[in-house]
Amino acid sequence: MNTCKTMVLMVTLSLMLVGIGAILGGKSGMTIALVIAFGMNFISYWFSDKIVLKMYGAREVTEAEAPELHGMVRELSYNAALPMPKVYIIEQEQPNAFATGRNPEHGAVAVTTGIIKMLSREELKGVLAHELAHIKQRDILVGSIAATIAGAISYLAQMAQWTMLFGGRDDEREGGNPLAAIVMMIVGPIAALLVQMAISRSREYGADAGGAQFSGNPRYLADALRKLDTASQRIPMNATPATAHMFIVNPLSGGGFLKLFSTHPPMKERIARLEKLSI
């Protein structure tokens, strides 16, 4: 169900990009939209893992440096029928973790020093299993593509704003609608962001279920999420909104209206689903 929902949302996001390009610039706008999307997705596919790991100062650790952490990842990778990913540690007090890599052969798992200190062995095992499920289901690639398409839509809207400010364009020649273009400049980026967030939330449920299977006990992850939810609100993290969707819990705090733009499902719902699996 989550896979079908993700596919529908991805198609919706892609059609939005092409449609907004057409409204803002006619045929030439549509072409620009496709070129931008292709270029951004190419960069995202090949370099997003290196970029995000460097962004957070992640340091790769060997089995000699972190034998217990490597042992857990190796055991869970075997359970998930995955190649052994690279293991990284991030010097951050907030307990959190994420996975990256364009495919299972180039997977990487990163955990903060805070999560290693806070969680029990079983709870950390549940978190690592969740991250390996993301790799198994290729969620990193899906999330990266969704983020770049949403970014391309925002970029197009900004380009259109500058074009209108400095000379505009020949609407009659392009067959564009100035009023529709103005609406799209305002609504388009917001709608794209909402769809991107929906994709991210859908994939989190799938990774929770996969993690429960790979670890052998859904309660490992459920117990970990309870601790992480409380700690993430209490301990700040130097994170960016563009990468918040990658973490197991949202590293950014926010409530009320901002929940519409949340990259993660409600924590109570995630825990409830995991507890149902353990019955």
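Residues numbered from 1 in each chain as written. Predicted model: local features only at pLDDT ≥ 70, side-chain atom pairs only at ≥ 80, totals over all residues. Heavy atoms only, no water.

Participant: Quick question: what am I supposed to make of the pattern of salt bridges here?
Facilitator: Note on pairing: side chains with opposite charge can pair once their charged atoms come close. Using the criterion set out here, one finds twelve salt bridges in the structure. Across the pair D223 and R226 runs a salt bridge, and its minimum N-O distance is 3.1 Å. Placement of both D223 and R226 in helix α8 (residues 218-234) is noted, with a separation of three residues, approximately one turn of the helix. Overall, the relative accessible area of 31% leaves D223 in the partly exposed class. R226 sits in the partly exposed class, given a relative accessible area of 36%. (Salt bridge = Lys/Arg side-chain N within 4 Å of Asp/Glu carboxyl O. Helix = DSSP H or I, 4+ residues; strand = E, 2+ residues; numbered from the N terminus. Buried < 20%, exposed > 50% of the residue type's maximum accessible area, 1.4 Å probe, protein only.)

Participant: Help me understand the sheet that holds strand β1 (residues 59-60) in this model?
Facilitator: Strands in a sheet are paired, the pairing made by backbone hydrogen bonds, and the direction either parallel or antiparallel. The sheet built from four strands is open, its strands ordered β1-β2-β4-β3 with mixed pairing. In this open sheet, the two edge strands, each paired with only one partner strand, are β1 and β3 (97-100). In this structure, strand β2 (residues 86-90) lies alongside strand β4 (residues 108-112), joined through five bridges in parallel fashion. Note on β4: the bridge partner recorded for Y88 is A110. (Pairing = 2+ DSSP bridges.)

Participant: Help me understand the pairing of β4 in this model?
Facilitator: Here is the key point about a regular strand: its side chains alternate between the two faces of the sheet. Of all the five residues making up β4, five are buried; the element is thus mostly covered by neighbouring parts of the structure. Burial along β4 is two-sided: A108, A110 and T112 and V109 and V111, pointing in opposite directions, are all buried.

Participant: Got a minute to help me understand the side chain of D139 in this structure?
Facilitator: When you line up the elements, D139 lands in helix α5 (residues 139-165). Polar contacts involving the side chain of D139 include one to the side chain of R203, which spans 2.7 Å. Discounting chain neighbours no more than four positions away, the residues touching D139 are A133, H134, R203 and A207. (Polar contact = N/O pair within 3.5 Å; in protein donor to acceptor, adjacent residues only side chain to side chain. Contact = heavy atoms within 4.5 Å.)

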